[in-house]
Amino acid sequence: MIFQIYLHTPSTEFSGPAYPESQSIGRGDCVEQVAERGLTSAEVAERVAAGQVNDVRRRSSRSVSAILRSNVLTLFNGVIGALWVLIMIFGEWQDGLFGLVIVANAGIGIIQELRAKRTLDRLAIVNESPVKVRRDGVDTDIPPQRVVLGDLVLLRPGDQVLVDGEVVDADGLEVDESLLTGEADPVHKRPGDPGDPGDEVLSGSFVVAGRGAYVATRVGRDAYAARLAEEASAFSLSHSELREGVTRFIKYVTWLVIPIGALLTWSQVSRQTSVGEAVTGTVAGIVTMIPEGLVLMTSIAFAVGVIRLGRRRCLVQELPAIEILARVDTLCLDKTGTLTSGGMELDEIRPLRDDLPVHEALAALANIDPHPNPTALAVQARYPDSPGWTALTKVPFSSARKWSGAEFDGHGGWVLGAPDVLLPPGSPAYEEAGALAATGLRVLALCRVASLRDPDDLGAVEAAAVVVLKQRIRPDAAETLAYFAEQRVTLKVISGDNPESVSAIVTSLGIPGGERAVDARTLPDDDPEKLAEIMETHTVFGRVSPHQKRLFVGALQSRGHTVAMTGDGVNDVLALKDADLGVAMGSGSGATRAVAQIVLMDDGFAGLPSVVGEGRRVLANIERVSGLFLTKTFYAIVLSLLTGVIGLAFPFAPRHSTLINALTIGIPAFFLALAPSNERARSGFVPRVLRLAVPAGIVCATAVYLSYWIAQSGSATLEESRTSAVITLFVAAWWVLALVARPYVWWRVALVASMAGMFALALAIPFVREFFALTVASPAAGLTAAGLGVAAGAVLTGVFMITRSRRSAPIQGDIQSVQDRPADTLGT
């Protein structure tokens, strides 16, 4: 991953390269001038004119020129083009029809990728998080590209640091630099004093607690993580088992083409009196060996998957995410924002002592922060006005502490947070809070403390009140969870809330094992094997720290699981980054959206079934059509070897190959690659495809050469003998198509039948028959050729059944059955 480039580079040691003056300023330079009011409009205009802007290009997809190059300048196009030139020189133009595959490959690939590019670019703009800056003394949100050198950038929890800078104001500011340094512990940042620069913040980090402001000292490509951010949002073609499998096939075939092509060329030249016939036969064999459409179909399937998910408001930030979707067998859910909708309501307040100003303290805590979190907002709705208490010390909420608080002049220190963190076990307040949490409510404890000068040691804590909040369960949560249960995807609910509260919500949604909640504080962080065992046998985990979420993902992966993680808060970032697939909510923090491979723009948890289903569709269909393409490759290899050894003319001409490939592979593969499918992917893509393609290729080639040899043994001409071979090959290859297309629904039956009908028309229509050089010697010869094809099909059926018996049955219960899918789901 690109993040590993900076894994061991602590921020405190970073000095940076020699930045040009136009894009960076020295730390401390002009910082005091903008610490209060920010830049003026005139100063901003000057910097824009000087090019001192955060002009890092957004790359949500490949450029148009890159798309054109990757689809036109390919090895296959070069080989096919060279063979086409040979046919144009030595053969007939009808035999050069295979050259159209260059146009088809490049044209379809370019069109699909351009469509995917438009979708990605549009969604990336919508998803782009604004940056809050202060200019002319006014706070305003601007796009990241409009940040200029010297801007005063304001920070809140969850904000990403997009450019480097010097801290000039901090209120409990804590920054997570794990994406840069690999260290999970938050780093406290302090502002500077006159003559003493403040701490440095680097792009690529994010705020986990507190608030602050910093002056941008390096922007654009000079920022520390500019390249990291650009690559993280790029049209990625990183690790993919599917692509690696296809590439492996191509490598093997390329090495086979050279010696077999040489043998075929020698045999054709040595026996033919015509150079044209020798070249035609050689080209026919070599062209058929090349699985030129397999790469195209893979690219199209990926691109169409991106487009389809884009229409469902899902931003795919890395193409391999489409493949990983199909392999997911474990889904980790963060309760807040996933099972429950955003926001809470204050249900009731239960004072525990009559001598403490409970209501005034809650009002003071709720109104102390100008940017309150959801908990503070819920309390603030009940207490909209502050009692006028003056805060001496403030401690912002963090996922690690699980409480927030403040020390007020004349009123002491007050904290609001998790009861099981603040209250001693066994106390009446602790028991009361636990009983309420077990009903699914969110419970907080309001406590008075002596001082907050040392947040790590609160000293004596006096329980003042129990605060009860109501959480709203998403209306689509139960149905979505039922879908995953049907799809055999194991669910793990991981939350920072009270275990009993989480368990109550999970149980109400019908998740198996929800009643057995685990308190994460009791788990062995230093024993990975024991942790993996507990993760394997339990479903609900409460009081989970951000660091533990990361450990949980690793523990599941150590047991061979493909793990997807959903989240929307900064406490989910580390786990999202380490998971096989990170899924972020569109309204979540900028940090979560930056590291996730997929972003649900509408925050719809109900969209996850469509996301998983799309991945399964892509992978299952590519595996399906790979069998067609590689069957062709193997029968071409066997035919070429037989021809080279025996010394006969090649059984068919290039135009025959074009006809058969179009009707048994090209046209049907296009539809099959885009069809609905809900079969969960498994590893071992290459062996499974070869188990069908190798024996199918051998059977087809044997039947074809037998048909050709029988025709040659009689009085048939070369054209008539080749026609017999073409009929046998079509019937055998069509049989492979019929087997691969299963399970049958109406459109698949129509597709397979129409291919047979089109071939029958090619034999029946004089003009088409003449164009493709098809001449049947006699009805008996045609029936014999067809009979050999049927016999080959019978053998292939047995091979197919053996192959299928080694595979698990498709998982049923897709959110929309194949029969119910609208017709437009078959295309793009």
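Residues numbered from 1 in each chain as written. Predicted model: local features only at pLDDT ≥ 70, side-chain atom pairs only at ≥ 80, totals over all residues. Heavy atoms only, no water.

A. The overall build of the protein chain, seen in detail. Helix and strand content of the protein chain: 28 helices and 21 strands. A buried classification covers 55% of the 828 residues belonging to the protein chain. Sequence-distant contacts in the protein chain: of pairs separated by 6 or more residues, those separated by 24 or more amount to 75%. Accessible surface, the protein chain: about 33100 Å² in total, of which carbon and sulfur atoms supply 58%. (Helix = DSSP H or I, 4+ residues; strand = E, 2+ residues; numbered from the N terminus. Buried < 20%, exposed > 50% of the residue type's maximum accessible area, 1.4 Å probe, protein only. Contact = heavy atoms within 4.5 Å. Areas by Shrake-Rupley, 256 points an atom, 1.4 Å probe, with all protein chains shown as cover.)

B. Molecular detail of the packing of aromatic side chains. Under the definition given, this model contains eight aromatic pairs. With a centroid separation of 5.3 Å and 70° between ring planes, the pair formed by Trp 389 and Phe 408 is classed as edge-to-face. Separated by 19 residues along the polypeptide, Trp 389 in the loop between α13 (374–382) and β11 (391–395) and Phe 408 in strand β12 (residues 403–408) bring together distant segments of the chain. Trp 389 sits in the buried class, given a relative accessible area of 15%. Classification of Phe 408 as buried rests on a relative accessible area of 3%. Ring geometry for Phe 767 versus Phe 771: centroids 6.3 Å apart, planes at 40°, classification tilted. Placement of the pair is Phe 767 and Phe 771 together in helix α27 (residues 766–771), with a separation of four residues, close to one helical turn. The class of Phe 767 is exposed, set by a relative accessible area of 61%. (Phe/Tyr/Trp six-rings, centres within 6.5 Å; stacked < 30°, edge-to-face > 60°.)

C. Structural context of the pattern of salt bridges. Tallied over the full model, the rule gives 21 salt bridges. Notably, a salt bridge pairs Asp 141 with Lys 132, separated by 3.3 Å at the nearest N-O pair. Here Asp 141 falls in the partly exposed class, since its relative accessible area comes to 44%. On the basis of relative accessibility, which here comes to 16%, the residue Lys 132 falls in the buried class. In this structure, Arg 521 engages Asp 420 in a salt bridge whose closest nitrogen and oxygen atoms are separated by 2.9 Å. Of this pair, Arg 521 sits in the loop between β17 (517–519) and α18 (528–537) while Asp 420 sits in helix α14 (residues 419–422), placing them 101 residues apart in sequence. Given a relative accessible area of 40%, Arg 521 falls into the partly exposed group. (Salt bridge = Lys/Arg side-chain N within 4 Å of Asp/Glu carboxyl O.)

D. Representation of the sheet that holds strand β18 (residues 540–542) in the model. In space, the eight strands of this open sheet follow the order β8-β21-β20-β19-β9-β16-β18-β17, with mixed pairing throughout. Whereas interior strands pair on both sides, the edge strands pair on one side only; in this sheet they are β8 (314–316) and β17. Shown here is a sheet whose adjacent strand axes are inclined to one another by a mean of 20°, direction ignored. Pairing of strand β19 (residues 563–567) with strand β20 (residues 581–585) involves four bridges; the strand directions are parallel. Along β20, the bridge assignment pairs Gly 567 with Ala 584. (Pairing = 2+ DSSP bridges. Axes fitted to C-alpha atoms, helices over the stretch in contact; angles between N-to-C directions.)

E. A look at unusual backbone geometry. That bond from Arg 742 to Pro 743 is cis: its omega, 0°, falls within 30 degrees of zero. Even without a glycine there, the phi angle at Asp 136 is positive, about 55°. Locating Asp 136 in the fold gives a position in the loop between β1 (131–135) and β2 (138–142). Here the phi dihedral of Ala 773 falls at roughly 55°; this positive angle occurs in a residue that is not glycine. Inspection of the secondary structure puts Ala 773 in the loop between α27 and α28 (779–805). Accessibility expressed as a relative area gives 14% for Ala 773, which makes it buried.

F. How the structure looks around the side chain of Asp 151. Its place among the elements puts Asp 151 in the loop between β2 and β3 (152–155). A relative accessible area of 0% means that Asp 151 is categorised as buried. Within the structure, the side chain of Asp 151 is placed 2.6 Å from the side chain of Arg 135, a separation counted as a polar contact. Here the side chain of Asp 151 touches Val 148 through a polar contact of 2.9 Å, landing on its backbone nitrogen. With sequence-adjacent residues up to four places away left out, Asp 151 is seen in contact with Leu 39, Val 133, Arg 135, Ile 142, Arg 146, Tyr 214, Val 215 and Ala 216. (Polar contact = N/O pair within 3.5 Å; in protein donor to acceptor, adjacent residues only side chain to side chain.)

G. The arrangement of the packing of helix α25 (residues 718–740) against helix α26 (residues 746–764) in detail. With their axes 10 Å apart at the nearest point, α25 and α26 run at an angle of 170° to one another. As judged from the angle between their axes, α25 and α26 are roughly antiparallel. For the pair α25 and α26, contact is made by Val 726, Ile 727, Phe 730, Trp 734, Leu 737 and Ala 738 and by Val 752, Met 755, Ala 756, Phe 759 and Leu 763, respectively. (Parallel < 35°, antiparallel > 145°, perpendicular 65-115°, else oblique.)

H. Expanded view of α18. Those residues of α18 lying buried are Leu 531, Ala 532, Ile 534 and Met 535. Projected down its long axis, α18 carries its buried residues within an arc of 165°, all on one side. The secondary structure elements touched by the buried residues of α18 are β16 (490–494), β18 and α19 (546–558). (Arc of directions from axis to C-beta.)

I. Region of the structure containing the pairing of strand β4 (residues 164–176). Pairing between β4 and strand β7 (residues 206–218): ten bridges, direction antiparallel. Across the sheet, residue Asp 164 finds its bridge partner in β7, namely Arg 218. Where β4 and strand β5 (residues 187–188) come together, two bridges link them in antiparallel fashion. When the bridges of β5 are listed, Glu 174 appears paired with His 188.

J. Up close: the pairing of β1. The buried count for β1 comes to four of five residues, which makes it a mostly enclosed element. The sheet contact formed by β1 and β2 spans five bridges and is antiparallel. For Arg 134, the partnering residue across the bridge sits in β2 and is Asp 139. Where β1 folds back onto β2 in an antiparallel hairpin, the turn is made up of two residues, including Asp 136, whose phi is positive at roughly 55°. One ladder, built from two bridges, connects β1 with β3; its direction is antiparallel. Bridge assignment links Arg 134 to a residue of β3, and that residue is Leu 152.

K. The packing of helix α22 (residues 608–646) against α25, seen in detail. At a minimum axis separation of 9 Å, α22 and α25 run at an interaxial angle of 155°. Classified by the angle between their axes, α22 and α25 sit roughly antiparallel to one another. Seen from above, α22 lies across α25 with right-handed handedness. Packed against α22, whose contacting residues are Arg 624, Leu 628, Thr 631 and Tyr 635, the element α25 presents Leu 729, Val 736, Leu 737 and Val 740 at the interface. For the contact of α22 with α25, the per-class residue count stands at six nonpolar, one polar and one charged. (Left-handed = near helix turned anticlockwise from the far one by under 90°. Nonpolar A, V, L, I, M, F, W, Y, C, P; charged D, E, K, R; others polar.)

L. Geometry of a nonpolar patch on the surface. Together, Trp 84, Val 85, Leu 86, Met 88, Ile 89 and Phe 90 make up a nonpolar patch on the protein surface, roughly 520 Å² of accessible area in all. Relative to the helices and strands, Val 85 resides in helix α4 (residues 75–90). (Patch = residues over 30% accessible without salt bridge, like charges linked within 9 Å, V, L, I, M, F, W, Y side chains within 5 Å.)

M. How the structure looks around the environment of Cys 332. For Cys 332, the location among the structural elements is in strand β9 (residues 330–334). Take Cys 332: its relative accessible area is 0%, and that puts it in the buried class. Filtering out sequence-adjacent residues up to four positions away, Cys 332 remains in contact with Lys 492, Ile 494, Leu 556, Val 563, Ala 564, Met 565 and Thr 566.

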